[in-house]
Amino acid sequence: MGRGECSGAEPRLRARLRVRIRARRQGGPAVACDRAWAGRLWSAYGAAAAVLAVALVTDAWNGRLSVPRLAVCGALALVLFAILLPARTTAGDGWLDVRGLLRRRRVHTDHLVSARFLGEIDRRVVLRDAFGGRASVEVRVLVANPFLWHELDRGARRAHAAGLLPDRCALRELAESIDAAGARELLTSAGMR
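This text gives an overview of the structure that appears in the document. (Residues numbered from 1 in each chain as written. Predicted model: local features only at pLDDT ≥ 70, side-chain atom pairs only at ≥ 80, totals over all residues. Heavy atoms only, no water.)

**What to know about the pattern of salt bridges**
Step number 1: One pass over the full model with this rule turns up 14 salt bridges.
Step number 2: For arginine 40, the salt bridge identified is with aspartate 34, shortest N-O distance 2.8 Å. Residue arginine 40 shares its accessibility class with aspartate 34, and that shared class is buried.
Step number 3: Close ionic contact of aspartate 59 with arginine 69 constitutes a salt bridge, the shortest N to O distance being 2.8 Å. One end of the pair, aspartate 59, is in helix α2 (residues 37-62); the other, arginine 69, is in helix α3 (residues 67-84), with 10 residues separating them in the sequence.
Step number 4: By relative accessible area, which is 34% here, arginine 69 ends up partly exposed. (Salt bridge = Lys/Arg side-chain N within 4 Å of Asp/Glu carboxyl O. Buried < 20%, exposed > 50% of the residue type's maximum accessible area, 1.4 Å probe, protein only. Helix = DSSP H or I, 4+ residues; strand = E, 2+ residues; numbered from the N terminus.)

Given below as structure tokens:
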């Protein structure tokens, strides 16, 4: 008999591997986040409050303000806020997280199996990992936040090196647009454009 056959070394190794995978799925601390998220959140609050205020003032001015109309105006403002509420995007070592109003989507970037663009006007990158996770990230968020892009790109490179992500065309195209935006910003801040 070999040394590890009866001692239970193999089950312990599998258990250790499961613990590592579970810890990897949970992810570490956030390294990067969408810096413009708070501003867009306040814009959503402001728009909902403005619609509510205009509706209430108009109803009060016309003398038609009542409890049912107040409830309808409040519901309208809440629906508008829910529509305008931006998704919060954060990233860490090996993961990217997108939190919306009702759900949270997490994808493990170093286990990506596909990355593709979706939409023409409101462009998004749809990412899928080997564990079944799926997340959709706005391209403008990645362009505006180079640290988010760096974490995504680093994980995608690891996935590509491991053979999980065979086609990186969408991410290459995204990298070119982010580099071009960074170059334009640099030239503008230097006064050369």
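**As for the packing of aromatic side chains**
Step number 1: With the rule as written, the count across this model stands at 2 aromatic pairs.
Step number 2: Seen in terms of ring centroids, tyrosine 45 and phenylalanine 81 are 4.8 Å apart; in terms of plane orientation they differ by 10°. Their pairing is stacked. With a gap of 36 residues between them, tyrosine 45 in helix α2 and phenylalanine 81 in helix α3 connect regions that are remote in the sequence.
Step number 3: Looking at tyrosine 45, the relative accessible area reads 40%, which means it is partly exposed.
Step number 4: Phenylalanine 81 sits in the buried class, given a relative accessible area of 16%.
Step number 5: Counting every residue linked through ring pairs, the aromatic cluster contains Trp42, Tyr45 and Phe81.
Step number 6: Across from the ring centre of tryptophan 95, 4.1 Å away, lies the NZ or CZ of arginine 106, which sits over that ring. (Phe/Tyr/Trp six-rings, centres within 6.5 Å; stacked < 30°, edge-to-face > 60°. Lys NZ or Arg CZ within 6 Å of the ring centre and 35° of its normal.)

**A closer look at the sheet that holds strand β7 (residues 134-138)**
Step number 1: What the 3 strands build is an open sheet, ordered β5-β6-β7; its pairing is antiparallel. Lying at the two open borders of the sheet, with one neighbouring strand each, are β5 (112-118) and β7. Shown here is a sheet whose adjacent strand axes are inclined to one another by a mean of 20°, direction ignored.
Step number 2: Here β5 pairs with strand β6 (residues 124-129) via 6 bridges, running antiparallel. Bridge pairing in β6 places alanine 115 opposite leucine 127.
Step number 3: Contacts from helix α6 (residues 169-189) reach β5 and β6 within the one sheet, and its direction differs from that of β5 by about 55°. (Pairing = 2+ DSSP bridges. Axes fitted to C-alpha atoms, helices over the stretch in contact; angles between N-to-C directions. Contact = heavy atoms within 4.5 Å.)

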